[in-house]
Amino acid sequence: MINLILFGPPGSGKGTQAAHLVEKYNLVHISTGDLFRYEMSHDTPLGQKAKDYIAKGELVPDEVTIGMLRNKVEAHPEAAGFIFDGFPRTIPQAQALDRLMEEEKTTIHALLALQVDDEEIIQRIKLRGATSGRSDDSNEKIIQYRIDVYKSETTPVFDYYAEQHKSHRINGVGTVEEIFERLCRMIDTAGEKIKTVA
Ligand code: C5P
Ligand code: MG
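These remarks concern the structure in this document. (Residues numbered from 1 in each chain as written. Chains lettered and ligands numbered in written order. Predicted model: local features only at pLDDT ≥ 70, side-chain atom pairs only at ≥ 80, totals over all residues. Heavy atoms only, no water.)

1. Considerations on the nonpolar core
Item 1. In terms of nonpolar packing, the biggest core is built from 29 residues, with F84, L97 and Y161 touching the most fellow members.
Item 2. Here this core takes 5 residues from helix α7 (residues 140-162), the largest share from any one element.
Item 3. Residues contacting Y161, with those up to four places away along its chain left out, are I5, P88, A94, L97, D98, I108, L111, K166 and S167.
Item 4. If you look at the next biggest cluster of nonpolar residues, it comprises 19 residues, including A18, V22, L27 and I170. (Core = buried A, V, L, I, M, F, W, Y, C linked by side-chain atoms within 4.5 Å. Buried < 20%, exposed > 50% of the residue type's maximum accessible area, 1.4 Å probe, protein only. Helix = DSSP H or I, 4+ residues; strand = E, 2+ residues; numbered from the N terminus. Contact = heavy atoms within 4.5 Å.)

Below, the structure written as structure tokens:
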């Protein structure tokens, strides 16, 4: 099994890259943002709980997000591994993920952090907002707030996995193919280490 966290600020290309990585490595992609959007579009109780936070660019409370993530992982007992995209966003989420992986007799193997500067991110999100229909992608104040929340609440997750020697930085600027190559190089190196330990 190989379990990866695709990390980085909003608009850093996590979803785009995850779509390519799942094909190459035969993994299950879990995007908590996509799951929330699905729930909201079907107006489920979970969607109703999440929608005000998401509209403001705030984080949905940990217990809600963790519960949703757990259900999704448990729904895939056959998985060869997971790509977590947009999760964990806080230290309690990271601790919950580690516990869940332990219960599943596995672990997080690597956190891959896409590095993109704020200016480029804002441009990318605005461009995405023009076609995504996401209200949180269309308002500059909300975009800036999401970046602020990322810096204050989410970046500590990088350090949390760095303490476990699992965090890696990847240049997230370039063509989709270039960034994909960089990620694959990193994953293959991590994969070699897993084989050596096993
Ligand atoms: O990951 P993505 O950028 O698609 O998430 C969109 C929104 O969903 C976030 O701005 C946040 O409001 C919410 N979210 C969350 N906790 C997560 C993932 C997403 O609160 N772990
Ligand atoms: Mg995304």
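2. Digging into the pairing of strand β4 (residues 110-115)
Item 1. With 5 of 6 residues buried, β4 is to be regarded as a mostly interior element.
Item 2. Pairing geometry for strand β1 (residues 4-7) and β4, over 4 bridges, is parallel. When the bridges of β4 are listed, I5 appears paired with L111.
Item 3. The pairing of β4 with strand β5 (residues 167-171) spans 5 bridges and is parallel. The residue bridging L112 from the neighbouring strand is H168, located in β5. (Pairing = 2+ DSSP bridges.)

3. A closer look at the packing of helix α2 (residues 32-41) against helix α4 (residues 62-74)
Item 1. Two elements in contact, α2 and α4, have axes separated by 11 Å at closest approach and are oriented at 95 degrees. As far as their axial angle goes, α4 and α2 are roughly perpendicular. The residues of α4 that touch α2, namely those facing T32, L35 and F36, are V64, T65, M68, L69 and K72.
Item 2. Along the lines of polarity and charge, the residues of the contact of α2 with α4 split into 5 nonpolar, 2 polar and 1 charged. (Axes fitted to C-alpha atoms, helices over the stretch in contact; angles between N-to-C directions. Parallel < 35°, antiparallel > 145°, perpendicular 65-115°, else oblique. Nonpolar A, V, L, I, M, F, W, Y, C, P; charged D, E, K, R; others polar.)

4. Notes on the packing of α2 against helix α3 (residues 45-56)
Item 1. At a closest axis distance of 8 Å, the pairing of α2 and α3 adopts a crossing angle of 115 degrees. Between α2 and α3 lies a crossing of left-handed hand. Between α2 and α3, the residues in contact are F36, E39 and M40 and L46, G47, A50, K51 and I54, respectively.
Item 2. Counted by class, the contact of α2 with α3 contains 5 nonpolar, 1 polar and 2 charged residues. (Left-handed = near helix turned anticlockwise from the far one by under 90°.)

5. Remarks on the layout of surface pockets
Item 1. The calculated volume of the largest pocket comes to roughly 940 Å³.
Item 2. Lining the largest pocket are 41 residues; nearest its centre among them are P10, K14, R128, R134 and R146.
Item 3. By residue number, the principal contributor to the lining of the largest pocket is helix α6 (residues 118-132), which donates 6 residues.
Item 4. Residue composition of the lining of the largest pocket, grouped by class: 11 nonpolar, 18 polar and 12 charged. (1 Å grid on protein atoms, 1.4 Å probe; cavity = no way out; pocket = protein on both sides within 12 Å on 5 of 7 lines; lining within 4 Å. Points joined across faces, edges and corners; volume = space filled by probe spheres on them.)

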